[in-house]
Amino acid sequence: MAASDDERVEELGSLEAIYPELASDYNNFTARLELAVTPSKPLLVRFIPQGSNSDTYAKAATNGGAYVERDVELSHLPPLCLQMTLPEGYPADSPPSVKLIARYDWLPKEKIVELEGQVRKDWEEYGHCQILFVYIDYLQQEAEKGFGLDNSVDGCLILTATAESQLVSYDTETKLATFNAGTYDCGICLEPKKGSSCYKMRRCEHVFCLACLQDFYSNAITEGDVQGVRCLDPVCGKEPGGSETRKRKRKTERTLHPRELLAMGIEEPLVRRYVELKRKKKLEADKGTVYCPRTWCQGPAKSPKYPPIPADLSAYTTYQSSDEDSESDGTDQNKPNSTRAVGTVPPDPSDRLAVCEKCSLAFCKVCYMGWHGPFARCYPRDPNELSVEEKASYEYIRMNTSPCPTCSSPTQKTMGCNHMKCFQCNSHFCYLCGSWLDVQNPYIHFNKPGTPCYQRLWELEEGDDGQNPEDGNGFAGGRGWEQMAVEVAREADEREAEEARVQMEAQREEDRIANELLMARDQEVVVQMAEVHLNDEPRAQQRPARGRRNPFPARPRAEGNAQAIRAHERGGQRRDGGGRGAGRAGRRPAAVTENQREERQQAELQHFLELARRDEEDGWDSDELGDDDGRFEIR
């Protein structure tokens, strides 16, 4: 058979016309073709440690100890190399011979054997005809479906961890090459640019030219606008349905990762500044952050929640890539109500050690003193004990800034109109009164007649110190309200002090009147007691009948030492007698003269008057007048 009549030559020529990249050898009737593998839906690939040789992930998980696997979605996989050989007698008597080779050996051997066996099935199904084109088309369709690997037992492709770097690198390089070959309209300057001069955002896939991105992000980082380092598409990250028109809303706009900034061509010092500002903002927003007690340092303490920035920024894979910026009514909806009362909860005694990042000082989180060990007892520092620097900073912020109505961030205007936008939460508010402004039409607030801010958009155009308001009231925003509250509190304190002074004077007057009444009463008692006369003549004693004698005498018979002491007090002499009359006579005092009795009565009276003058007459005992059996008599 002539070579021109050979069907193998005809089929190889047809394949070259369809696939220009086909490499053919007409002498040996062989051909070689690389088939791209780009699944319509990214294929999930799970990388497990190399020591596991199990066929499935379920078996790999039970063969050894615990390990960590990684799941990666790949849009581009290494191509398949198809080697075709047309034997003698093809296509009538023999089917073609094919061999599939996967670069990096990522395709399971079972799947390769299954694909290679399909060529004989097609040859028999089509009646021993030319079927190479049909077979190549079959492989391309299977590659677009990911060879059905996502429908396996594990639901993904299982590979060893050593193949991860090669497959991920190939996927990244293929995406970049495909992007660079295209033409796109920049979302900022709106000019068509080649893909090599543009950058596609990794999360949202919006495309902008590199020149616009570099200018914008460099200026934002230089000015400290960390929240501005995000996708520049106006609708990116916003909820559908016009939710941006609401004052209280939540956004999921995310800042860019340092790797993306480096890929755009941003200089490494600017990217490092961006990471430092981002980390500093997170530390300041976290109420659980502990700062160094040294006044010249004030650096944050080391925390595993905020690890230090590595030297290689491309390896920085912490919270910066997944944080969310919210704009709400001042509260975080994802936090429980008990949150951010961190300052009110004392730290765990076993976790009080803190080390400053800047000066490496080890100190206690509770008492803010140098580290004293885990077993020492300490007490929290009084928050009212502020240093001179802290008091000065607080006073300056209070007197020269206005807080944002949403997040309370201090805001100071140096120039411009009174329509303010907070850099912290992007809230729109009025600088004069602190009211929220409508995002769609913020200037309607200054055009409502009868409101305090009517026609006052450009007051304080040169800042707080540049000019005074037309009404002469000065700044009337959040700081004005604070000053007004301070003035009201001062007036309330003055009123309370005046009421306390009046009450004290009234109490003193009542005490004075009571003392005068008491002294007048005492004086009257003294006068009445001075008019009392004692009768010198004893009243005749009438002996009671023997049957009516009091069984309980006022003063019982004294015996022994007691009798001697009583006799000595009366100044009398005891006589020892055996009869009743003699005993009674011994208990009576000796006879005294008239002068002695008068002197004694005057002494007792003076003693009573002295007690009455000192308001102690209740303690006076009438027995002190002596036991003269009723010889004293009031006349």
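Just so we're clear, the structure is a prediction, and the values are computed from it rather than from any experiment.

**Student:** Looking at this structure, I do not really get the overall build of the protein. What am I missing?
**Tutor:** Across its full length, the protein carries 13 helices and 17 strands. Expressed as a percentage of its 635 residues, the buried residues of the protein come to 31%. Carbon and sulfur atoms make up 51% of the accessible area of the protein, which totals about 40400 Å².

**Student:** Explain the nonpolar core here, please?
**Tutor:** Inside soluble globular proteins, nonpolar side chains tend to come together where they are buried. Judged by nonpolar contacts, the single largest core of 41 residues is most densely connected at W106, L107 and F147. At six residues, the largest contribution of residues to this core is made by helix α4 (residues 132–144). If near-sequence neighbours (up to four positions away) are discounted, L107 is found in contact with L80, A102, I112, L115, F147 and L149. Among the nonpolar cores identified, the runner-up in size contains 27 residues, and C186, I221, C231 and V275 belong to it.

**Student:** Whenever I open this one, helix α6 (residues 210–223) confuses me. Can you help?
**Tutor:** Quick reminder: α-helices carry 3.6 residues per turn. Residues three or four places apart thus point the same way. If you check α6, its first and last C-alpha atoms are 20 Å apart, about what 14 residues at 1.5 Å a residue would give, namely 20 Å. For α6, the full list of buried residues reads C212, L213, Y217, S218, A220 and I221. In this fold, the buried residues of α6 make contact with β10 (198–200), β11 (207–209), α7 (258–264) and α8 (268–285). One or two residues past the end of α6 sits G224, with phi positive at roughly 85°.

**Student:** I'm lost on the side chain of D171 in this one. Help?
**Tutor:** Along the chain, D171 falls in helix α5 (residues 164–180). In this structure the side chain of D171 is engaged in a polar contact, spanning 3.1 Å, whose partner is the backbone nitrogen of S75. Excluding residues that lie within four positions of it along the chain, D171 makes contacts with L74, S75 and H76.

**Student:** Before we go on, may I ask you to explain the packing of aromatic side chains in this structure?
**Tutor:** How two aromatic rings sit relative to each other is set out by the distance from centre to centre and by the angle between their planes. Scanning the entire structure with this criterion turns up six aromatic pairs. Measuring from ring centre to ring centre gives 6.2 Å for W106 and F147, while their planes differ by 50°; the resulting arrangement is tilted. In this pair, W106 sits in the loop between β6 (97–102) and α3 (109–125) while F147 sits in the loop between α4 and β7 (157–160), placing the two residues 41 residues apart along the sequence. Residue W106 is classed as buried on the basis of its relative accessible area of 2%. Judged by centre distance (6.2 Å) and plane angle (20°), the ring pair of F363 and Y368 falls under stacked. A residue is classified by how much of its surface remains accessible, and Y368, at 24% relative accessible area, is partly exposed.

**Student:** What's the story with unusual backbone geometry in this structure? I'm lost.
**Tutor:** Working note: non-glycine residues mostly have negative phi, and peptide bonds are mostly trans. The residue after Y90, namely P91, is reached through a cis peptide bond having omega 5°. Structurally, the position occupied by P91 is in the loop between β5 (77–85) and β6. Despite not being glycine, H128 shows a phi value in the positive range, around 60°. Its location among the elements puts H128 in the loop between α3 and α4. At F147, a position not held by glycine, the phi torsion is positive, near 55°.

**Student:** Sorry if this is basic, but what is going on with the pattern of salt bridges here?
**Tutor:** Opposite charge on two side chains lets them pair, provided their charged atoms get close. Counted under the stated rule, the structure contains 18 salt bridges. E124 is the partner of R120 in a salt bridge, and the nearest nitrogen-oxygen pair spans 3.5 Å. Highlighted residues: R120 and E124, both in helix α3, separated by four residues, approximately one helical turn. Classification of R120 by relative accessible area gives partly exposed; the value is 44%. One network of salt bridges, in which partners are shared, links D6, R8 and E88.

**Student:** I keep staring at the packing of α6 against α8 and nothing clicks. Help me out?
**Tutor:** Each pair of packed helices gets described by two things: the angle between the helix axes and the distance between those axes. Relative to each other, α6 and α8 sit at 50°, their axes nearing to 9 Å. Taken as axis vectors, α6 and α8 run oblique relative to one another. Considering only the axes of α6 and α8, their crossing is left-handed. The residues of α8 that touch α6, namely those facing S218, I221 and T222, are L270, R273, Y274 and L277.

**Student:** What's the story with the sheet that holds β5 in this structure? I'm lost.
**Tutor:** As a general point, the strands of a sheet are linked pairwise by backbone hydrogen bonds and lie either parallel or antiparallel. Ordered in space as β1-β2-β5-β6, the four strands form an open sheet in which the pairing is antiparallel. The two strands at the open ends of the sheet, each matched to only one other strand, are β1 (23–25) and β6. The mean angle between the axes of side-by-side strands here comes to 20°, regardless of whether they run parallel or antiparallel. Direction of pairing for β5 relative to β6: antiparallel, over a ladder of six bridges. Considered in β6, the bridge of C81 is made with I101.

**Student:** Whenever I open this one, the environment of W123 confuses me. Can you help?
**Tutor:** Take W123: it is sitting in helix α3. Among all residues touching W123, those that are not within four sequence positions of it are P91, A92, D93, S94, P95, P96, H128, C129 and I131.

**Student:** Can you walk me through helix α13 (residues 594–613) in this structure?
**Tutor:** With 20 residues, α13 ought to run about 28 Å at 1.5 Å a step, and its terminal C-alpha atoms sit 29 Å apart, in line with that. Phi for D615, located one or two positions after α13, is positive at around 60°.

**Student:** What's the story with the sheet that holds strand β4 (residues 70–74) in this structure? I'm lost.
**Tutor:** Read across the open sheet, the three strands follow the order β4-β3-β7; overall the sheet is mixed. Since the sheet does not close on itself, it has two edges, and those belong to β4 and β7, each with one partner. Strand-to-strand, the axes of this sheet are offset by a mean angle of 35°, without reference to chain direction. By the bridge criterion, four bridges tie strand β3 (residues 43–48) to β7 in an arrangement that is parallel. Its bridge partner lying in β7, I48 is registered against T160. Along the sheet, α5 makes contact with β3, β4 and β7, crossing β4 at roughly 30°.

**Student:** I would appreciate a short explanation of the side chain of R456 in the present structure.
**Tutor:** Inspection of the secondary structure puts R456 in the loop between β17 (428–430) and α10 (478–530). A polar side-chain atom of R456 sits 3.0 Å from the main-chain carbonyl oxygen of P452.

**Student:** Would you mind going over the state of the cysteines with me for this structure?
**Tutor:** By definition, a disulfide links the sulfur atoms of two cysteines through a covalent bond. A full pass over the atoms with the stated rule returns zero disulfides. As a non-bridged cysteine, C186 has C209 as the owner of its nearest cysteine sulfur, 3.4 Å distant. Considering cysteine sulfurs only, C430 is the nearest to C417, which forms no disulfide, with 9.6 Å between them.

Basis of the calculations
- Residues numbered from 1 in each chain as written.
- Predicted model: local features only at pLDDT ≥ 70, side-chain atom pairs only at ≥ 80, totals over all residues.
- Heavy atoms only, no water.
- Helix = DSSP H or I, 4+ residues; strand = E, 2+ residues; numbered from the N terminus.
- Buried < 20%, exposed > 50% of the residue type's maximum accessible area, 1.4 Å probe, protein only.
- Areas by Shrake-Rupley, 256 points an atom, 1.4 Å probe, with all protein chains shown as cover.
- Core = buried A, V, L, I, M, F, W, Y, C linked by side-chain atoms within 4.5 Å.
- Contact = heavy atoms within 4.5 Å.
- Expected span 1.5 Å × (residues − 1).
- Polar contact = N/O pair within 3.5 Å; in protein donor to acceptor, adjacent residues only side chain to side chain.
- Phe/Tyr/Trp six-rings, centres within 6.5 Å; stacked < 30°, edge-to-face > 60°.
- Salt bridge = Lys/Arg side-chain N within 4 Å of Asp/Glu carboxyl O.
- Axes fitted to C-alpha atoms, helices over the stretch in contact; angles between N-to-C directions.
- Parallel < 35°, antiparallel > 145°, perpendicular 65-115°, else oblique.
- Left-handed = near helix turned anticlockwise from the far one by under 90°.
- Pairing = 2+ DSSP bridges.
- Disulfide = S-S within 2.5 Å.

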